[in-house]
Each structure stands twice: as structure tokens, then as C-alpha cells.
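The chain contents come next:
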Amino acid sequence: MSDDETPDQGRDPAAGFAIPAGLLATIEAALNQYIALDPEGARAFAPTYGHIICIDIEGLGARLTLIPGPDRVQVFGAYDATPDCLIRGAPLALLRMMTAGRKQSQLSSGAVRIEGDAAVAQALSDALAGLDVDWEEQLARVLGDPIANQIGRAVRAAGDWGGRTRETARANLKEYLEEESRLLPTRYEVDEFLRQVDTLRDDVERLAARIARLAAHADAERGSLR
Amino acid sequence: MAEQETTHFGYQQVPVEEKAVRVREVFDSVASRYDLMNDLMSLGIHRLWKRHAIALAGVRRGQRVLDLASGTGDLAARFAGIVGPTGQVVMSDINEAMLSRGRERQLDQGRVGNLNYALANAERLPFVGEHFDCVTIGFGLRNVTHKEWAIAEMYRVLRPGGRALILEFSHPTSKAFSRVYDLYSFNVLPILGRLVTNDAESYRYLAESIRMHPDQESLRTMMEGAGFERCTYFNLTGGVVAIHRGYKL
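Residues numbered from 1 in each chain as written. Chains lettered and ligands numbered in written order. Predicted model: local features only at pLDDT ≥ 70, side-chain atom pairs only at ≥ 80, totals over all residues.

> Explanation requested: the overall build of chain A in the structure shown.
Scanning chain A from terminus to terminus reveals eight helices and six strands. When the helices and strands of chain A are read in sequence order from the N terminus, they spell out β-α-α-β-β-β-β-α-α-β-α-α-α-α. Burial statistics for chain A: of 226 residues in total, 21% are counted as buried. Of the contacts formed within chain A by residues at least 6 apart in sequence, a portion of 64% connects residues at least 24 apart. (Helix = DSSP H or I, 4+ residues; strand = E, 2+ residues; numbered from the N terminus. Buried ≥ 20, exposed ≤ 12 C-beta atoms within 10 Å, placed from the backbone. Contact = placed C-beta atoms within 7 Å.)

> What should I look at first to understand the domain arrangement of chain A in this one?
For interface size, the figure often reported is the accessible area lost on association. With domains assigned, chain A is organised as domain 1 (13–130), domain 2 (135–184) and domain 3 (187–226). Computed from C-alpha coordinates alone, the two centres of domain 1 of chain A and domain 3 of chain A are separated by 56 Å. (Domains from an automatic or database assignment.)

> Quick question: what am I supposed to make of the confidence of the model for chain B here?
Fine structural detail should not be taken from predicted coordinates in areas where pLDDT scores are low. On average, residues of chain B score 88 in pLDDT, and 97% of them reach the 70 mark or higher. Quick note on the complex model: pTM equals 0.74, ipTM equals 0.82. (pLDDT = per-residue confidence, 0-100.)

> Would you take a moment to explain the sheet that holds strand β5 (residues 85–89) of chain A for this structure?
Strand pairing in a sheet takes place through backbone hydrogen bonds and is either antiparallel or parallel in direction. All names here are of chain A. An order of β4-β3-β2-β5-β6 is seen for the five strands of this open sheet, with the pairing classed as mixed. With one partner strand each, in any of the chains shown, β4 (73–76) and β6 (112–116) form the two edges of the open sheet. Going across the sheet, the axis of each strand differs from the next one's by a mean of 20°, ignoring polarity. Of the pairings in the sheet, the one linking strand β2 (residues 53–57) to β5 comprises five bridges and is parallel in character. From the neighbouring strand, Ile57 faces β5, where its bridge partner is Gly89. (Pairing = 2+ DSSP bridges. Axes fitted to C-alpha atoms, helices over the stretch in contact; angles between N-to-C directions.)

> What exactly am I supposed to notice about the packing of helix α6 (residues 147–157) of chain B against helix α9 (residues 216–226) of chain B here?
How two helices pack is summed up by the angle between their axes together with the distance between the axes. Residues and elements named next belong to chain B. Running from N to C, α6 and α9 cross one another at 50°; their axes reach a closest spacing of 9 Å. Taken together, the axes of α6 and α9 lie oblique to each other. α6 and α9 meet at a crossing whose hand is right-handed. Here Lys147, Glu148, Ile151, Ala152 and Tyr155 of α6 come into contact with α9, specifically with Met222, Met223 and Ala226. For the contact of α6 with α9, the residue count by class is six nonpolar, no polar and two charged. (Parallel < 35°, antiparallel > 145°, perpendicular 65-115°, else oblique. Left-handed = near helix turned anticlockwise from the far one by under 90°. Nonpolar A, V, L, I, M, F, W, Y, C, P; charged D, E, K, R; others polar.)

> How should the nonpolar core be read in this particular structure?
Nonpolar side chains tend to gather and get buried jointly when the protein is soluble and globular. One finds Ile53 of chain A together with Ala53, Phe79, Val89, Val135 and Ile243 of chain B to be the most contacted residues of the largest nonpolar core, which totals 97 residues. Here this core gets seven residues from one element, more than from any other, and that element is helix α4 (residues 74–83) of chain B. When neighbours within four sequence positions are excluded, Ile243 of chain B is seen to be in contact with His52, Ala53, Leu56, Leu165, Leu167, Tyr233, Phe234 and Leu236 of chain B. (Core = buried A, V, L, I, M, F, W, Y, C linked by C-beta atoms within 7 Å.)

> Looking at this structure, I do not really get the interface of chain B and chain A. What am I missing?
Opposite the 23 residues of chain B that make contact, chain A presents 24 residues. At the level of secondary structure, the elements contributing two or more residues to the side of chain B that touches chain A comprise α3 (45–57), α4 and β8 (229–236) of chain B. It is α3 of chain B that contributes the most residues to the side of chain B that touches chain A, six residues altogether. Here the residues of the side of chain B that touches chain A sort into eight nonpolar, nine polar and six charged.

Right, dumping it as C-alpha cells:
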């Protein structure tokens, strides 16, 4: 028996397409280069060393197997051994879980499911989310400290300017829509409207309760007259 | 006068006891630029073939792995990362220059603790029986004089339930592709060898030894003959390379 090109070890036949080996090698290289940019953060992967972590990407039907180790995270498609933990989810849900500080919402909503050793999955996603690359430091290695510092300052200034511009544009648009074109209500009008809705809802509930009480009272009186 | 027993060395017939010496000369000659040549010859695809082999080996942390004909240790390095500090990987090669090169490379890359080194002939392994969970040989079996002895030794040192993997050049499955491959092997490879290692002959031997190596089915039969069960093989790149896998059950 032979299999051409695609070792299908351990792969669920329903799992869909196998990620090409060249792409897996590229993902592995890129992931390890990224991790290497934050040597402090890389230490957080230690609890996952040697664990076989399978990621089932639903929708795409693809499977990734990660095996972190002290010198690199190895990335395979199918790996011919039972995984220590299996993480299933849609691509965006997986990405959010892997990169967000708070995983609970993804897990409790059922968007991501974990089978096996959940502590390993948690350690992996914590380590990935905890990576904090100092781009200025990386730039300094190539260009030297003075130039990297200047570029860093320019980028921060551009970021600040972008933030201020965004905030001004938001305020201008808000004022135009609320005050000039009167297309949208102001916040005070909305608050007042919501307060009136609350009052009306309470009034209606009180009225309903009163009607129910009177109806019950009327039924009781009719009963006593018979 | 008794007729001398011979074996093939590429397309030549040489006395049996001479093959190991001549293979050693080939690898002594190419050891210093072995990695570079592998990349040039295979256009880097050898890394993908090795990845397939690792995935098929399915090694877990804490296991013991023997990597024969380890060379500069591409497979062993990956295994060492997987088995972790509670496991063990033995890098083994018959060629001292290659093993020294591999050892230096692993040390330079900070891999210590779970990696051991053994200068050993795959035909007579210096290990007790039923010791390893996985035994691999990558691009080495075709250089072994008595392949069936090496396969029997792989079987002997494996624990029950263990698996052996043979990653080796093989025979393309398509005739048209086979012709292109021959053209490349016998014309381009020796030129690359001359340019990079100043040794065209070693690379001519490489091309010839691949043609003399048993085809996929023959090698599978050899594994079954040694006692392996559930033997199967996986053709890669149209059969240029095949990974054979068998279990000791």
C-alpha cells in the first residue's frame, strides 16, 4: 500500500484539506521568528514544551499541530500521535482566543471548544497573547540606536497625531449630525427619551397589575352574588 | 582461487569490505558543505521530506529515539525538541566527520541534555534490544553494505509497539518525470558537486546509488522479511523520495 505525496497519518477523513507542507514550514518559520522577537515572552511557552496541541480550524476543515519546544515551536498538519489537547473553533474565534487577554467569553459562548488538557491550551494562548515585541529595539539592531530612536519618536508622534485627528473628526461629525442637521438626537435627548420609556413601562406594569387585581375582585364579587 | 564477494558502489561492483571505506571517503569529502549541498540539490525540498518523516514518526515527550545515519542531525534536532528532558535522542552515524559536524552543530544551537552521540555501524548496533520507541534512518540506508542486516538491527533495538522509519531516495512513479529526474541527477548534480565541494565523483555516486537502491515495493518486502508489521510507504515528490514505516508488534 502506498500514499502519494500526502501522508495521511492520524487525520480524520472528515477533517477536510491538508495544509501544504511548504505553507506549514512557512508558518513555522514566521511564528518562531515572531516569538524570537520577545525573548522574555518566549519563556511563557515553557509549560507547553513537548505537548502535542492540535488546532481544528472549523469551516476550513484544516488541522494544525503545534509542538512547542525550548528552541522552536514545531508546526505540522496531521501528526501521528494522540494530541494532549485539541482546540476546535472557527478561524476568527480561534484568533480572538489566541490573542485576547480574556479567553472566557470565547470559551463560555462555545465559539471555541477544548478537549483534553485545557491547562496546556490556556498556557499556549496566554503565551501567544503575552508576546510584546519592542519594535524600536528590533529596529535598533539593524539601524542603530539613534536612527531607531528617531523613527520610534516619529511613529509615536504620527500615532498621537492620528489619535487626535480621529478624536476631532469624531467630535465634528457628532456635532454636525446632532446639532446642525438634527439627523440624530443628542445624548441628553436620548437619556430623557429612555427615562420616559422607563416611566411608561412602569406605569403600564402598574396599570396591568391594577386591572388584574380589579378583575380578580370583580370575579370574587360575581361569585358571592350567585 | 575463491571468487571474491562483491557489492555495488553506485554502478561499480566493489569487494564487500571495500564499500564502507569508499562510502566513508565520499562523506569525508562532502561533510564540510553537506547542508549547503542538500539545499542546492533538492532546492530545499529535503526539509519538507524530513518534516513528513517527523510527522509520521509521531514521537511523544519522554520517548527514546535512535536516528541512524544522522549526518548533521536535521531529524535528531526536531526529535530532541519533542521528547524533552525526560526523553532521549541518540544521533548515530558511521562516519566520524559527519557525526562530529552534527555534534558541533547541535552544541552551537544549544541542544544538550537529551541528545547523545554514537559512532556506530547500522549493521551492528551497540545497543541492547527493545530499547527505543522509534528508530529512523534518513538518506542513509542506500549507503549501507548489507541493508537487510541494518533493517534487522533496527527491529532488534525497537521496543514492542515501536516504529521504524526509512526516509530514502526512491524511484519516481511516472516515466516522463523519471526521465527529467535522470537528466537532473546525471548532468546537473555532478556539476553542482564540482562547484560547491569540488568533488563531482561523490555526487555521481549519489545519483548512481539512488538508482541501485531497492524500489518502494522491494524495500517494503525487506522490512516485512525482518519482522516488521503494518509496513507501508509514502511517496513524496512523485516517488523521488519514499518514507517506509513499519511497526514491531
